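Structural overview
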Amino acid sequence: LEPYETFEKKINEITAIIREPIALIDKQVKDFEEKEREEKRKEIEKLFNEIDFLDFVKLENVFDTKWLNKSVSLSKVESELKEKNKKIRDEVKSLNALPYAFESLEVYKETFDLNAAICEGHRLKDIQERKQAEIERKKKEEAERKLLEEQAKTETQEKEAAAADEEKEHTQNT
């Protein structure tokens, strides 16, 4: 057992000697890669600023972390940024054609989800239509109520006039 313990002790010492430079090299490699990613992110920010995005669009809204990979070229990033810009502009154009464009656009600015924005526009349109229908129903009820009041008033006046005529005839006959 003693030769094993001696061997194990030597192996652990050698392994410790090897692990230290490996950890140092690993840290340097990771630091270098992080620096490269930061530089690439700055280049991507520069590309983003060169493209004419709408004011409410921020890089964080369209950023894809895969762009930081070495395998993705800046020309590919630029192409994807331009595609996203076109898509956003087309979607905003579509939203501006809706009856509740402002509200729909506000939802879109928060979510960048065209379907959610359209659904919100339709929801608001439905609410307005129901509100308008309720207003029309109340107007109709009020008009009917006034008509019934006028009819009742006319009937009352006619009855009073008939009663007065009868009274007059009755007094003239006596």
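Our subject is the structure listed above.
These lines cover the structure that appears in this document, whether it is placed above or below. As a convention, each chain's residues are numbered from 1 in the sequence order in which they are written. Only residues with pLDDT of at least 70 get local features here, since the model is predicted, and only at 80 or more are side-chain atom pairs given and counted; chain-wide, interface and lining totals rely on the full set of residues. Hydrogens and water are ignored here; the side-chain numbers use all heavy atoms of the structure.

Helix numbering and strand numbering both begin at the N terminus, where a helix is a DSSP run of H or I of at least 4 residues and a strand a DSSP run of E of at least 2. For the protein chain, the helix and strand inventory stands at 5 helices and 0 strands. Tracing the protein chain from N to C terminus, the helices and strands come up as α-α-α-α-α. This radius of gyration counts C-alpha atoms alone. The globule rule is 2.2 Å times how many residues there are, raised to the power 0.38. Relative to its length of 174 residues, the protein chain is extended, with a C-alpha radius of gyration of 41 Å against a globular reference of 16 Å. In terms of its C-alpha atoms, the protein chain occupies a principal-axis envelope of roughly 150 × 55 × 15 Å. Between buried and exposed lies partly exposed: a residue is buried under 20% and exposed over 50% of the maximum accessible area for its type, with that area taken using a 1.4 Å probe on protein chains only. When each of the 174 residues of the protein chain is scored for burial, the buried share is 18%. In the protein chain, the proportion of contacts linking residues at least 24 apart, taken out of those at least 6 apart, comes to 52%. Accessible surface area values rest on a Shrake-Rupley calculation with a 1.4 Å probe, where residue burial reflects the displayed protein chains alone. Roughly 14,000 Å² of accessible area belongs to the protein chain as shown, and the carbon and sulfur atoms make up 53% of that amount. Charge convention: Lys and Arg are scored as positive, Asp and Glu as negative, and His as well as the terminal groups of each chain are ignored. Taken as the charge location is NZ of Lys, CZ of Arg, CG of Asp or CD of Glu. Where the 35 positive side-chain charges of the protein chain centre and where its 45 negative ones centre are 5 Å apart. Residue contacts follow a heavy-atom distance rule, with two residues in contact if any of their heavy atoms lie within 4.5 Å.

Time to look at the environment of Ile-118. Tracing the backbone shows Ile-118 in helix α5 (residues 114-173). Each C-alpha atom, one on Ile-118 and one on Ala-16, is 62 Å from the other, the two residues being 102 residues apart in sequence. Filtering out sequence-adjacent residues up to four positions away, Ile-118 remains in contact with Leu-95 and Leu-98.

Two aromatic rings, drawn from Phe, Tyr or Trp (for Trp, its six-membered ring), form a pair once their centres lie within 6.5 Å of each other, and the interplanar angle then sorts them: stacked below 30 degrees, edge-to-face above 60, tilted otherwise. Applying the stated criterion across every chain, the model contains 5 aromatic pairs. Aromatic pair Phe-56 and Tyr-108: ring centres 6.4 Å apart, planes at 80°, arrangement edge-to-face. Residue Phe-56 is located in the loop between α1 (2-50) and α2 (59-62), and its partner Tyr-108 is located in helix α4 (residues 101-111); the two are separated by 52 residues in the primary sequence. The residues Phe-56 and Tyr-108 share a single accessibility class, namely buried. Ring plane angle 55° and centroid distance 5.5 Å describe the contact between Tyr-108 and Phe-112, whose orientation is recorded as tilted. An identical accessibility class is assigned to Tyr-108 and Phe-112; each is buried. An aromatic cluster is defined as three or more aromatic residues linked by ring pairs; in this entry it consists of Phe-56, Tyr-108 and Phe-112. Here, a charge over a ring is recorded when the distance from Lys NZ or Arg CZ to the ring centre is within 6 Å and its angle to the ring normal is within 35 degrees. Arg-41 extends its terminal NZ or CZ atom over the ring of Phe-63, reaching a point 4.3 Å from the ring centre.

What follows concerns unusual backbone geometry. Positive phi outside glycine occurs at Phe-112, with the angle close to 55°. Relative to the helices and strands, Phe-112 resides in the loop between α4 and α5.

All right, on to α4 then. Along α4, the residues that are buried comprise Ala-101, Ser-104, Leu-105 and Tyr-108. Down the axis of α4, the buried side of the element spans an arc of 100°, and every buried residue falls inside it. Structural note: α4 exposes Phe-102 and Glu-110 on the side pointing more than 90 degrees away from its buried face. Where the residues of α4 are buried, they touch α3 (74-96) and α5. For this quantity, the arc is that covered by the directions from the helix axis to the C-beta atoms.

Turning our attention to the nonpolar core. Counting 22 residues, the largest nonpolar core has Phe-53, Val-57, Val-62, Leu-81, Ile-88 and Tyr-108 as the members making the most contacts within it. Listing elements by their share of this core, those giving two or more residues are α1, α2, α3 and α4. Among the elements that make up this core, the one with the highest residue count is α3 (5 residues). In this structure, Ile-88 is in contact with Phe-53, Leu-54, Phe-56, Val-57, Val-62, Tyr-108 and Phe-112, ignoring residues within four places of it in sequence. In these notes, a set of buried Ala, Val, Leu, Ile, Met, Phe, Trp, Tyr and Cys residues joined through side-chain atoms within 4.5 Å is what counts as a nonpolar core.

A side-chain nitrogen of Lys or Arg and a carboxyl oxygen of Asp or Glu constitute a salt bridge if their distance falls within 4 Å. Taken as a whole, this structure holds 18 salt bridges when the rule is applied. For Glu-36, the salt bridge identified is with Lys-70, shortest N-O distance 3.2 Å. Taken together, the positions of Glu-36 in helix α1 and Lys-70 in the loop between α2 and α3 put the pair 34 residues apart, joining distant regions of the chain. Here Glu-36 falls in the partly exposed class, since its relative accessible area comes to 27%. Here Glu-120 ties to Arg-123 by a salt bridge, and the two come within 2.9 Å at their closest N and O atoms. Remark: Arg-123 and Glu-120 occur in helix α5; sequence separation between them is 3 residues, near one turn of the helix.

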